[in-house]
Amino acid sequence: MVAAIVLGVLIGALGSATIGAAVAVAGIALTLLIGFVRRVATTYTVTDERLIIERGLLSKHMQQTRIDRVQNVNTNQTVLERALKVGVVDFDTAGSGDSDFQFIGVADPRGMVTVVDRAQRARQQEDRSGDAGVGGL
């Protein structure tokens, strides 16, 4: 988006202000459209067993990890993301070479951390219940 504005200003300074403004507006619109399509084409799922990211409209890419492998959950928001009320939730997972496990453009990053925390606790509760049944045999 910044590149579109800079290009528009340069064209406006070197040539026509109207063409420069049109280039800047078209660049911003294209950037917003691409971001919207990416957001619509991405689904994040949290269960008591897995975190899942599905990306793509025509072709699909799925990335997932077990909930019990999640060690740390961090949130990040730029000034623009705070204004748009979205953010990034970054997951650190145990023993995984997949260091880029992020939920990007999440509407409520802090709320997502709470959802993941609840899923982890539910998983731990299930594991404890299952262990008690096995030990009683």
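Just so it is clear, the structure is predicted and the values come from calculations on it, not from any experiment. Chains are numbered independently. Their residues run from 1 in the order of the written sequence. For this predicted model, a pLDDT threshold of at least 70 governs which residues receive local features, and a threshold of 80 or more governs which side-chain atom pairs are given and counted, while totals over whole chains, interfaces and linings are taken from all residues. To get the side-chain values, take all heavy atoms of the structure and skip hydrogens and water.

**Observations concerning the environment of R123**
Next up, step 1: As for its placement among the helices and strands, R123 is situated in helix α4 (residues 109-135).
Next up, step 2: When the C-alpha atoms of R123 and R50 are compared, they prove to be 9.8 Å apart, with 73 residues separating the residues in sequence.
Next up, step 3: In what follows, residue pairs with any heavy atoms lying within 4.5 Å of each other are defined as contacts. Not counting the four nearest positions on each side in its chain, R123 is found in contact with D48, E49 and I67. Comment: elements are numbered from the N terminus, with helices defined as DSSP H or I runs of at least four residues and strands as E runs of at least two.

**A short note on the pairing of strand β1 (residues 42-46)**
Next up, step 1: Pairing between two strands is assigned when DSSP locates at least 2 bridges connecting them. As judged from the 5 bridges shared by β1 and strand β2 (residues 50-55), these two strands associate in the antiparallel manner. Bridge assignment links V46 to a residue of β2, and that residue is L51.
Next up, step 2: Count of turn residues in the β1/β2 antiparallel hairpin: 3 residues.

**A look at the packing of aromatic side chains**
Next up, step 1: Each Phe, Tyr or Trp ring, with Trp reduced to its six-membered ring, pairs with another whose centre is within 6.5 Å; inter-plane angles below 30 degrees give stacked pairs, above 60 give edge-to-face pairs, and intermediate values give tilted ones. Scanning all chains against the criterion turns up 4 aromatic pairs.
Next up, step 2: Geometrically, the ring pair formed by Y44 and F103 is stacked, given 4.4 Å between the ring centres and 25° between the ring planes. Of this pair, Y44 sits in strand β1 while F103 sits in strand β6 (residues 102-106); the two residues are 59 residues apart in sequence, bridging distant segments of the chain.
Next up, step 3: Categorising residues by exposure relies on relative accessible area from a 1.4 Å probe, with only protein chains included: less than 20% of the type maximum marks a residue as buried, more than 50% marks it as exposed, and the intermediate range marks it as partly exposed. Under the relative-accessibility criterion, Y44 is labelled partly exposed at 23%.
Next up, step 4: Joined through ring pairs, the aromatic side chains of Y44, F91, F101 and F103 make up one cluster.

**Re the environment of R38**
Next up, step 1: Here R38 is to be found in helix α2 (residues 17-40).
Next up, step 2: Judged by its relative accessible area of 61%, R38 falls in the exposed class.
Next up, step 3: Residues R38 and L57 lie 19 residues apart in sequence; the distance between their C-alpha atoms is 8.7 Å.

**Regarding the pairing of strand β5 (residues 87-93)**
Next up, step 1: Across the 7 residues that make up β5, a large majority, 6, are buried.
Next up, step 2: Bridging between strand β4 (residues 70-76) and β5 involves 6 bridges; their strand directions are antiparallel. Within the sheet, the bridge partner assigned to V70 lies in β5 and is T93.
Next up, step 3: Where β5 meets β6, 4 bridges bridge the pair, whose relative direction is antiparallel. Following the sheet pairing, D90 is matched in β6 by Q102.

**Observations regarding the nonpolar core**
Next up, step 1: In this structure, L51, I53, I67, V70, V89, F91, F101, F103, V106, M112, V116 and A119 together form the largest nonpolar core, which totals 12 residues.
Next up, step 2: A per-element tally of this core places α4 first, with 3 residues.
Next up, step 3: Residues contacting L51, with those up to four places away along its chain left out, are T45, V46, Q63, Q64, T65, I67, V70, F91, F101, F103 and V116. Joining through side-chain atoms within 4.5 Å is the link that ties buried Ala, Val, Leu, Ile, Met, Phe, Trp, Tyr and Cys residues into a set, and such a set is a nonpolar core.

**Topic: the pattern of salt bridges**
Next up, step 1: Note on definitions: salt bridges are taken to be side-chain nitrogens of Lys or Arg within 4 Å of carboxyl oxygens of Asp or Glu. This structure, assessed with the given rule, holds 5 salt bridges.
Next up, step 2: For the salt bridge of D68 with R66, the shortest nitrogen-to-oxygen distance reads 3.2 Å.
Next up, step 3: By relative accessible area, D68 is classed as partly exposed at 49%.
Next up, step 4: R123 is the salt-bridge partner of D127, the closest N and O atoms lying 3.3 Å from each other. With D127 and R123 both in helix α4 and 4 residues apart, the pair spans about one turn of that helix.
Next up, step 5: A single network of salt bridges, built from pairs that share partners, joins E49, R123, E126 and D127.

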